[in-house]
Amino acid sequence: MKWKTYLIGLAVAVAAMGMLGGCGSSSNTASHEKAPITTTEGTDEGAVLRIAAQPYPLYTTVYVAHNLGYIDEELQKIGAKETWTEFKSGPLVNEAVAAGEADLGFMADLPAIIAKSQGHDISVVSNIAYGEKALAVLVPTDSSIQSVADLKGKKVAYAKGSYAQHLLALLLEKQGFTLDDVQTVNLNAAEQVTALTTHEVDAIVIWEQYITKLTSTGQAKVLADGTGIKRGNMINYFVTDYADKHPLVVLAYLRALNRANEFIKQHPDQAAEATYKNFNVSKEEMAKILKNLTFTTALTEEDVQAITDVKDFSKKAGIIQDDVNINDFIDQRYLDALQKK
């Protein structure tokens, strides 16, 4: 089955990150005090930012910034440039970063935490978006399942190591259940759609664009989403050594995202027009999806707490073995430098 290929890829990613950064917990839990970013102007001639992208509307900000040329423009101002490579999942982005093939990745909270725990020296430099309705449990429209409690003993597909796993665990916990009370089927997003529509599984836990596509076509209905239970943070991380050597590149990239955020806010229809083809949805579907997400680079106390909660869950659930020091993982210096400017 295709999901075996996905599992092998995830295993390779984890192994690669272990070899790259080592598995000792000391490297993950020690806090490293760094001086504030004081230089926000200047040039970094010849620098190249290798971006590992994922074509999901959760990351619309980055795609707007890329498609409208904001990233190129901001990098050109400092004499730098970008390269852009797309991957189908967060674990595959982690694999590329671990292999030294990318400097920047963006993904949901949990796969980034897994990468950090495995010893990969990365730093979260900003938010991208959050959205409680952008992650949900779906069942076929004709399903007899009426509540989360009805999932007990049923086949539920989700991508292990994705933030969907955390949502399902939280929803089950409210019913007094654990993940052991469902039959887990480990599938990537595209495979989940096929499994649900062919009734090979009883439910899936999936994100946008799939929620809107499946519900708009009448193939599925939302059983539960993250409302009131999971914030659903999407984050940007840089390889720490790269960010330390190229702070002006990090700042240029964040400036581009801030421009994109403002464009989405002021011109949502045009933002949908600029990106819908990237995500294989219609313009109408893209407009709906944008309403389920808040796009911002800011990392508020609420965001940091939400990411911390995910880290604690992953440690308790055995998803990660080595703990992650959140103060070392999240580097607010770049956002602080832009705010002070």
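Coordinates for the structure precede this section.
Just so it is clear, the model here is predicted, and its values are computed rather than measured. (Residues numbered from 1 in each chain as written. Predicted model: local features only at pLDDT ≥ 70, side-chain atom pairs only at ≥ 80, totals over all residues. Heavy atoms only, no water.)

Q: What is the right way to read the overall build of the chain from this model?
A: Of regular secondary structure, the chain possesses 16 helices and 11 strands. Taken against the 2.2 N^0.38 rule, which gives 20 Å for 341 residues, the C-alpha radius of gyration of the chain at 19 Å falls within 12% of a compact globule. Along the longest, intermediate and shortest principal axes, the C-alpha atoms of the chain span 60 × 45 × 35 Å. Taken across its 341 residues, the chain has 56% of its residues classed as buried. When contacts within the chain are restricted to residue pairs at least 6 apart in sequence, those whose partners lie at least 24 apart make up 83%. When the accessible area of the chain is evaluated, it comes to approximately 14500 Å², of which 50% is carbon and sulfur surface. (Helix = DSSP H or I, 4+ residues; strand = E, 2+ residues; numbered from the N terminus. Rg over C-alpha atoms; globule rule 2.2 N^0.38 Å. Buried < 20%, exposed > 50% of the residue type's maximum accessible area, 1.4 Å probe, protein only. Contact = heavy atoms within 4.5 Å. Areas by Shrake-Rupley, 256 points an atom, 1.4 Å probe, with all protein chains shown as cover.)

Q: I would appreciate a short explanation of the packing of aromatic side chains in the present structure.
A: Centre-to-centre distance and the angle between the planes together describe a pair of aromatic rings. Summed over the entire model, instances satisfying the criterion amount to 8 aromatic pairs. Between Tyr-56 and Trp-207, the ring centres sit 6.0 Å apart and the planes meet at 85°, which makes this aromatic pair edge-to-face. Here Trp-207 lies in strand β8 (residues 203-207) and Tyr-56 lies in the loop between β1 (48-53) and α3 (60-67), a separation of 151 residues in the sequence. Given a relative accessible area of 7%, Tyr-56 falls into the buried group. Residue class for Trp-207 comes out buried when judged on its relative accessible area of 10%. Taking the centre distance of 6.1 Å and the plane angle of 40° together, the rings of Tyr-163 and Trp-207 count as tilted. You can see Tyr-163 sitting in helix α7 (residues 163-174) and its partner Trp-207 sitting in strand β8, a full 44 residues away along the chain. Each member of the pair, Tyr-163 as well as Trp-207, is classed as buried. Lying across the ring of Tyr-130, Arg-231 places its NZ or CZ 3.7 Å from the centre. (Phe/Tyr/Trp six-rings, centres within 6.5 Å; stacked < 30°, edge-to-face > 60°. Lys NZ or Arg CZ within 6 Å of the ring centre and 35° of its normal.)

Q: When you look at the layout of surface pockets in this model, what are you seeing that I'm missing?
A: A probe as big as a water molecule, rolled over the atoms, marks out the empty space that is left. As a volume, the largest pocket reaches approximately 540 Å³. Lining the largest pocket are 24 residues, and of these His-166, Ala-169, Leu-170, Glu-173 and Phe-313 sit closest to its centre. Taken together, the elements giving at least two residues each to the lining of the largest pocket come down to α7 and α14 (301-316). Ranked by residue count, the leading element in the lining of the largest pocket is α14, at 8 residues. The class makeup of the residues in the lining of the largest pocket is 10 nonpolar, 5 polar and 9 charged. (1 Å grid on protein atoms, 1.4 Å probe; cavity = no way out; pocket = protein on both sides within 12 Å on 5 of 7 lines; lining within 4 Å. Points joined across faces, edges and corners; volume = space filled by probe spheres on them. Nonpolar A, V, L, I, M, F, W, Y, C, P; charged D, E, K, R; others polar.)

Q: Help me understand unusual backbone geometry, please; the structure alone is not making it clear to me.
A: Negative phi characterises most residues that are not glycine, and trans characterises most peptide bonds. Look at the link from Glu-208 to Gln-209: it is a cis peptide, with omega at 20°. Along the chain, Gln-209 turns up in the loop between β8 and α9 (210-216). With a phi angle near 55°, Asn-280 is a residue other than glycine that sits in the positive phi range. Topologically, Asn-280 is positioned in the loop between α12 (268-275) and α13 (283-290).

Q: Can you help me understand empty space enclosed by the protein in this one?
A: Tallied over the full model, the rule gives 2 cavities of 30 Å³ or more. In this structure, the largest cavity is lined by 18 residues; those nearest its centre are Gln-54, Ser-89, Gly-90, Ser-162 and Trp-207. Broken down by secondary-structure element, the contributors of at least two residues to the lining of the largest cavity are α5 (90-98) and β3 (104-108). The residue inventory of the lining of the largest cavity, partitioned by class, reads 12 nonpolar, 5 polar and 1 charged.

Note that every value here comes from positions in space, so none of it alone points to a role or purpose.
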